Structures are given as C-alpha cells and as structure tokens.
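Fold and contact review
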Amino acid sequence: MSKALLSSNGPRHARILAVGSAIPSRVVDNEYLCGFIDSSDEWITKRTGITERRWLGEGEDLRSLALAAARRAIAKSGLDASQLSAVIVSTVSYFQQTPALAPALAAELGIPNAVAYDISAACAGFCYGLAQAEALVRAGQAQHVLVIGAETLSKLTDPTDRSTAFLFGDGAGAVIVGPSDDNGIGPVVWGSDGGQGDVIWQNSDWAKAVETGAWPYIGMNGQAVFKWATSFIAATAKRCLAQAGLEPDDLDVFIPHQANNRITDTLLRYLKLPERVVVARTITKYGNNSAASIPIAMDELLSTGAAQSGQTALIIGFGAGLVYAGQVVKLP
C-alpha cells in the first residue's frame, strides 16, 4: 500500500529584499564606435537613445562584476551569505561550459552547500531567474535566493557591424529573494518563440569558432525585433498587469529591458501609463546589458531616489530565442 508523500511547507509569499549592481570602468562613447562604422553620434542617439556604454576595463571580467553586484545586494539585505541557500545566474557571455558560474560564485561568496546553476535566457534571463527564485522560496526549497544577471556583451560585439556595434554594454545586477508577509512578486508571464530564432543570433557556435578561428558575435534583424517588441511584447506587458490584478494607474515604476528607447516609448503608449510613472532609461549611458539590464536599472532608480522602496513596478525582459518574461514586483 503506497503512502502519501509529505509536501513542502514554504512561506505563502516572497519578495525582493535587496538589489545591487556593478558597472565596469571603461566608458565607450558613440564617437569611438563611429571610428569603426559609417554612422554618427546623432544617428545612434536618435535611433536608440544610447550616448555611451560601459565595457570591461583593466582587471575586470564577468566574474568580478557578478561578485561585486552580489556582495552589494547581500550587504543591503542585512543577511549573512551563510543564510542564502540558492544562487541562480543568468548570462549568455560566460564562455566556460562547465563548471557553471553559479557554484563558483557561491563558493567565493561563502554560501555553503548552495543550490547553484546558470540559465541562458538572454535578455529575459533576470525575469526567468526571479520567477524560479520566487517559486523556490514559496515551495520551501530555499530560504533566501541570490539571483544574478551578468553580461560582458562587448566580447560578443563586432565593432564593424553597423546594425549592432553601438548597442551592447557590460554589467551585472543582483537581487536577494526571500520570504515575506505580503506578496511582493506577482505571477510571471513568460514563454518563447523559437521559430524566430534567426532574428537575434550568435553567428557561429563555439565548435565552429574553434575550427575556423573566427570569434563569434551577435547578429540582429533590428526591424524584426522592433516589430515584435512593439506588438507582442507590448501585449505581454499588459498581460503581466492583468495577472497581478492591476491597472496601469496602479503602477509607480516601469522597468523594461533596456533594448531601445524607441521600444520603451512605444510600450508606454500602448500601456497608457500615467505620466507620474517613473520609467527606467539607463540605456542612455550603459547600453543594452541583456540579463543585467533590469536589476541595474532597478538599483539605479532606488539609489538615486527616482524610485522608492515598496513602490509597485512592472519589469519585463525580451530577447534572443526569442524569449520573454515579465512580472509585477514591489521594489526592495
């Protein structure tokens, strides 16, 4: 006779407890990139909103950025690293297949016996990781979870490709997710459309790169991305609000993936957000940081006072795959 299995007994709610970020030291302006491509500062700024971006400086790498962001988030949370039980890292620019980056970071941070793994969900990766962290906490499978989005996309950027050379930047952002008396992370709306995998792509797999000696870089059909983001992703953002039981007037802050200011402007018009809603625009000085863009923007809004702890924010990420994910959260 079979026996019923005991169920996990986790907290009813979870929320983001703290956020931290790390930006590399090297500032790369549009004029520098115009030395490689036929373009201008005016054209790049008008088309994307980007005036400069940050690339790795001397002594910096993906791991050092991720560690710095994680340490800042842990410090703000008031927790000791030993109180964390899981580490999720989202990145597409960690070039060591195994072991993963997450367990290495857990060891260096002093997190004992951590559940630790990497995910590859491109620019939606932070929202993917946040959804998994919330589920782990509520299921009682983890007490506190460190979620990191970290990218060094400068290493995958072809400076001579006029369609992408000016888009990408490096950086890392991290949050601590833990139990809460009130619901601080709404239902995730996520998915993929692999039929459009050729819209944003890596032009060579690593096996071919080793064989040919040609370093891979990111390619993109900008018009197709813009059309998808301003139609399907706009509708997805509205679904995120509906899933959380909210109306546009209930929002205080909007933190979209920092892909293009024109996309952000279109999303704002579609959602009909009130003018009082604070909108993240970190793309202007950091560029597109893929999985790191949302936590970097969240940290900057809070640290500058543009947004406040406890406010309601809509976050949404979208990118190569094509993948997407978004949810409504209470700011830490």
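Preceding block: the structure.
This text gives an overview of the structure that appears in the document. From a predicted model like this one, the values you see are computed outputs, not experimental measurements.

**Considerations on the pairing of strand S6 (residues 145-152)**
S6 sits mainly inside the fold: 8 of its 8 residues count as buried. The two faces of S6 match: Val 145, Val 147, Gly 149 and Glu 151 on one face and Leu 146, Ile 148, Ala 150 and Thr 152 on the other face are all buried.

**Structural notes on the side chain of Ser 180**
Within the secondary structure, Ser 180 sits in strand S7 (residues 170-180). When sequence neighbours within four positions are dropped, the list of residues in contact with Ser 180 reads His 13, Ala 14 and Arg 15.

**Remarks on the sheet that holds strand S4 (residues 86-90)**
Strand order in the open sheet formed by 5 strands is S1-S7-S6-S4-S5, and the pairing between neighbours is mixed. Looking along the sheet, the strands with just one partner apiece sit at the ends: strand S1 (13-22) and strand S5 (115-119). Strand-to-strand twist across the sheet, computed as the mean angle between neighbouring axes with direction ignored, equals 15°. Strand direction decides the pairing type here: S4 and S6, joined by 5 bridges, are parallel.

**Concerning the state of the cysteines**
Inspection of every chain in the model, using the stated rule, returns 0 disulfides. In this model Cys 123 remains outside any disulfide bridge; the closest cysteine sulfur is found in Cys 127, 11 Å from its own. Cys 240 forms no disulfide, and the closest cysteine sulfur to it belongs to Cys 127, at a distance of 8.0 Å. With relative accessibility at 0%, the residue Cys 240 sits in the buried group.

**A short note on the environment of Asn 261**
With respect to the helices, strands and loops of the structure, Asn 261 is situated in helix H8 (residues 261-271). Its relative accessible area of 14% is what places Asn 261 among the buried residues. Measuring from C-alpha to C-alpha, the distance between Asn 261 and Gly 35 comes to 23 Å, with 226 residues separating the pair along the chain. Setting aside anything within four residues of it in sequence, one finds Asn 261 in contact with Thr 48, Gly 49, Arg 281, Ile 283 and Thr 284.

**Here we look at the layout of surface pockets**
Computed from the structure, the largest pocket encloses a volume of approximately 1,100 Å³. Lining the largest pocket are 46 residues, and of these Phe 168, Ile 200, Trp 201, Ile 218 and Ala 320 lie nearest its centre. Elements with a minimum of two residues in the lining of the largest pocket: helix H2 (41-48), S5, strand S9 (200-202), strand S10 (218-220), helix H7 (222-243), H8 and strand S13 (312-319). Considering only residue class, the lining of the largest pocket consists of 26 nonpolar, 16 polar and 4 charged. The calculated volume of the second largest pocket comes to roughly 160 Å³. Asn 183, Gly 184, Ile 185, Gly 186, Pro 187, Ala 244, Leu 246, Asp 250, Thr 312, Val 328, Val 329 and Lys 330 together form the lining of the second largest pocket. By residue number, the principal contributor to the lining of the second largest pocket is strand S14 (residues 323-330), which donates 3 residues. The class makeup of the residues in the lining of the second largest pocket is 6 nonpolar, 4 polar and 2 charged.

**Thoughts on a nonpolar patch on the surface**
A grouping of Phe 95, Trp 206 and Trp 215 is seen on the molecular surface, where their side chains present a nonpolar patch of about 320 Å² in accessible area. Among the secondary structure elements, Trp 215 is positioned in the loop between helix H6 (206-212) and S10.

**Focus: helix H5 (residues 125-138)**
Taking 1.5 Å per residue, 14 residues should reach 20 Å; H5 reaches 20 Å between its end C-alpha atoms and fits that length. Burial analysis of H5 places 10 of its 14 residues in the buried class, the great majority of the element. If you check which residues of H5 are buried, you get Gly 125, Phe 126, Cys 127, Tyr 128, Gly 129, Leu 130, Ala 131, Ala 133, Glu 134 and Val 137. Note on H5: the residue one or two positions beyond its end, Gly 140, has a positive phi of about 80°.

**Brief notes about the pattern of salt bridges**
All told, the structure shown has 6 salt bridges when counted by the stated rule. Glu 108 is the salt-bridge partner of Arg 63, the closest N and O atoms lying 3.0 Å from each other. Of this pair, Arg 63 sits in helix H3 (residues 62-77) while Glu 108 sits in helix H4 (residues 101-109), and the two are 45 residues apart along the sequence. For Glu 108, a relative accessible area of 39% corresponds to the partly exposed category.

What counts, and where the lines are drawn
- Residues numbered from 1 in each chain as written.
- Predicted model: local features only at pLDDT ≥ 70, side-chain atom pairs only at ≥ 80, totals over all residues.
- Heavy atoms only, no water.
- Buried < 20%, exposed > 50% of the residue type's maximum accessible area, 1.4 Å probe, protein only.
- Helix = DSSP H or I, 4+ residues; strand = E, 2+ residues; numbered from the N terminus.
- Contact = heavy atoms within 4.5 Å.
- Pairing = 2+ DSSP bridges.
- Axes fitted to C-alpha atoms, helices over the stretch in contact; angles between N-to-C directions.
- Disulfide = S-S within 2.5 Å.
- 1 Å grid on protein atoms, 1.4 Å probe; cavity = no way out; pocket = protein on both sides within 12 Å on 5 of 7 lines; lining within 4 Å.
- Points joined across faces, edges and corners; volume = space filled by probe spheres on them.
- Nonpolar A, V, L, I, M, F, W, Y, C, P; charged D, E, K, R; others polar.
- Patch = residues over 30% accessible without salt bridge, like charges linked within 9 Å, V, L, I, M, F, W, Y side chains within 5 Å.
- Areas by Shrake-Rupley, 256 points an atom, 1.4 Å probe, with all protein chains shown as cover.
- Salt bridge = Lys/Arg side-chain N within 4 Å of Asp/Glu carboxyl O.
- Expected span 1.5 Å × (residues − 1).

These figures capture arrangement, not role.
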